[in-house]
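Coordinate analysis (summary)
Chain residues, written in single-letter form:
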Amino acid sequence: KTCRKHAENIRKISSENCKKQLFLTKFLRNFVIRNWPSEIVKVYFFFHMKPFCYSLIQKTLKSYPWNWPVLGMLPGVLVRLHRSYAFGVEVLESSNLTFQFKGLWFAGMDMLVTVDPANINYILTSNFSNYIKGPEFKEIFEAFGDGILNTDSELWRELRKVAQATFNHQAYPNLSTFTTRSKLTDGLVPLFNHFAKEELVVDLQDLFMRFMFDTTYILLTGSDPRSLSIEMPEAEFAKALDDIEEGIVYRHIAPRFLWKLQKWIGIGTEKKMMEASATLDRRCTKFISAKREEVRSQGVTHSSGESKDLSIYDIINLDTTKYELLNPKDDKYIRDSGASFMAASRDTTAATLTWFFWILSENPNVLTKILQEMNTNLPKTGNGQDTSSYLNKLVYLHGALNETLRLYPPIPFQRKSPVKPDVLPSGHKVKSNTKIMIFIYALGRMKAVWGEDAVKFKPERWISEAGELRQEPSYKFLSFNAGPRACIGKNLAMNMMKTVIVEILQNYEIRILSGQKIEPKVGLMLYMKHGLKATITKKCSSSE
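Residues numbered from 1 in each chain as written. Predicted model: local features only at pLDDT ≥ 70, side-chain atom pairs only at ≥ 80, totals over all residues. Heavy atoms only, no water.

Looking at an unreviewed UniProt entry, one finds the chain named Cytochrome P450, with Eutrema salsugineum as its source organism. Of the comments in the UniProt record for the chain, the one headed Cofactor (unreviewed entry) reads "heme". (UniProt positions renumbered as here; feature names shortened; annotations may be inferred.)

Set out below in structure tokens:
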């Protein structure tokens, strides 16, 4: 029955190579099903004597997972877990952009995976109120509590308003720029100089993660943890975030009853996650207590918004009294908001910078054009010059960053669930609480969405004939989300990345070591699995 059912599935995969599919169907029915007991040895020799037949079967089946009884499609996914991103692209490319995944029976693992722009626009914008993250999502991400990443409905709306007020606060853009430039001047540049002088091999991904952790922590608390230093100390807060994210990935893959049991017993990944959550709680409690004591001792808050010692903690406490569901006096509110901000800001920017510098090494022509644009539009000054006022002129650099985000989105997937039964624009029916995954990584590689050159790194696709930046619909370019949940800090994040890139390219040559394996790590964030090893050479200034 399984073979017959799969033979029928093969016919639905694609209209191409019809003769090959009919051949495979006949082989499955006539040679295997009818003669399996007596001809099993002949089957073995058939595969080894006819390699072209074996490759044909592999090519036909590789983009379509087998739906086994009881086990569903889980075995096929686990076998291909080492290349899960590429496999997802293949499946969606051959499934008309939407695919129904069948998981382990009775384990609640079934989900609809889509990269159809019409579906995405409908889910995230047109019918936004019907598609929420849901209680199961919140349970999986419980370490982030009631932060903006987890919540829905009225609580989310109030948190969103606070976030908008924070990013629109008169002090925040200057605070962000000042913090980034200070960390560059006092942290990243001295470290790059040291590595260049000692001719050391460094992991750029680790450097960018430490840089972003320190920068985000300063923005959040006003103090510098100094994880970015020659000693490369382990930051307890950062390690806790990493362990929590690892645990959340495990909860996505493992059946719910299994990780629930492990949590109850206190073993494995769940034990590690609980310890990390406890660390997060302890560090946040310590910081909040210190901040409250500071406010009491001074008797006033930084309400003017002009102090360089201002932090996000100060800003989000200025204007929350008018919201019914938010209480700035509640430590949990501050803790959940801070943890969400830290996770969203640190990981996304660090991952993008890592992929960007690797892509530059693979596309030297793009690097040449970026350097030419910088030479034309930026002041010819030495190290440490504030170039923030010139960043909008770097159109080609912006296009290159957009291409990086398109092909290597820092958040590779997004989950939603409908409140009420619905029918998507693609014609797929969804019941209440159906799991829907928008596979953002695959979206950027779909030929049906981006054209035949979808997998090609091409910054020019973002630049108009007039030399201006071309905009794409958010439901097509989803790296900053879409609809009411679209990223508020998009422009600040892009300017932060441009600032870092300009500083590095103006003063250093980055040589990526050849021979290292570059592949994405399966996780909440699209990190490189093995890091990015490189050497750094300091450029000679004009005065030298």
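With that settled, the discussion passes to the overall build of the chain. Broken down by element type, the chain carries 21 helices and 10 strands. Expressed as a percentage of contacts within the chain between residues at least 6 apart in sequence, the contacts between residues at least 24 apart total 71%. Accessible surface, the chain as shown: approximately 26500 Å² in total, 55% of it carbon and sulfur. (Helix = DSSP H or I, 4+ residues; strand = E, 2+ residues; numbered from the N terminus. Contact = heavy atoms within 4.5 Å. Areas by Shrake-Rupley, 256 points an atom, 1.4 Å probe, with all protein chains shown as cover.)

The next point concerns unusual backbone geometry. Keep in mind that most residues, glycine aside, have a negative phi and that most peptide bonds are trans. Despite not being glycine, Val 70 shows a phi value in the positive range, around 65 degrees. Counting through the fold element by element, Val 70 comes out in the loop between helix 4 (51–61) and helix 5 (74–79). Notably, Leu 97 is not glycine yet its phi reads approximately 75 degrees, a positive angle. As for its position among the elements, Leu 97 is in the loop between helix 6 (84–93) and strand 1 (98–101). Judged by its relative accessible area of 11%, Leu 97 is buried. (Buried < 20%, exposed > 50% of the residue type's maximum accessible area, 1.4 Å probe, protein only.)

Applying the stated criterion to the full structure yields 20 aromatic pairs. Judged by centre distance (5.7 Å) and plane angle (25 degrees), the rings of Phe 208 and Phe 357 are stacked. Taken together, the residues Phe 208 in helix 11 (residues 204–221) and Phe 357 in helix 16 (residues 331–362) connect sequence positions 149 residues apart. Judged by its relative accessible area of 1%, Phe 208 falls in the buried class. On the accessibility criterion, Phe 357 (4% relative accessible area) is buried. Here Tyr 217 and Phe 237 contribute two aromatic rings whose centre-to-centre distance is 5.8 Å and whose plane-to-plane angle is 80 degrees, an arrangement assigned as edge-to-face. One end of the pair, Tyr 217, is in helix 11; the other, Phe 237, is in helix 12 (residues 236–253), and 20 residues separate them in sequence. Across this residue pair, the class does not change: Tyr 217 and Phe 237 are buried. Connected via pairs of aromatic rings, a cluster forms that spans Tyr 85, Phe 439 and Tyr 441. (Phe/Tyr/Trp six-rings, centres within 6.5 Å; stacked < 30°, edge-to-face > 60°.)

For the rest of this paragraph, the subject is the UniProt feature "binding site: heme" (unreviewed entry) in the chain. Taking the UniProt record as the reference, the feature "binding site: heme" (unreviewed entry) is found at Cys 487. Mapped onto the secondary structure, Cys 487 falls in the loop between helix 20 (447–450) and helix 21 (490–507).

Okay, helix 12 next. Taking 1.5 Å per residue as the helical rise, helix 12 with its 18 residues ought to reach 26 Å, and the 26 Å between its terminal C-alpha atoms agrees with that figure. For helix 12, the complete set of buried residues consists of Phe 237, Ala 238, Ala 240, Leu 241, Asp 243, Ile 244, Glu 245, Gly 247, Ile 248, Val 249 and Arg 251. (Expected span 1.5 Å × (residues − 1).)

A few words now on the side chain of Glu 270. One can find Glu 270 in helix 14 (residues 268–298). Leave out the neighbours within four places in its chain, and Glu 270 touches Tyr 250, Arg 251, Trp 259, Gln 262 and Lys 263.

If you check which residues of helix 7 (residues 117–126) are buried, you get Pro 117, Asn 119, Ile 120, Ile 123 and Leu 124. The buried side chains of helix 7 occupy one side of the element, clustering within an arc of 160 degrees when seen end-on. For helix 7, the N-terminal cap is Asp 116; the gap from its side-chain oxygen to the backbone nitrogen of Ala 118 is 2.9 Å. (Arc of directions from axis to C-beta. Polar contact = N/O pair within 3.5 Å; in protein donor to acceptor, adjacent residues only side chain to side chain.)

Below, the discussion takes up the environment of Leu 188. By secondary structure assignment, the location of Leu 188 is in helix 10 (residues 172–198). Exposure remark for Leu 188: the relative accessible area of 2% places this residue in the buried category. On a C-alpha basis, the gap between Leu 188 and Leu 228 in space is 7.2 Å, while along the polypeptide they are 40 residues apart.

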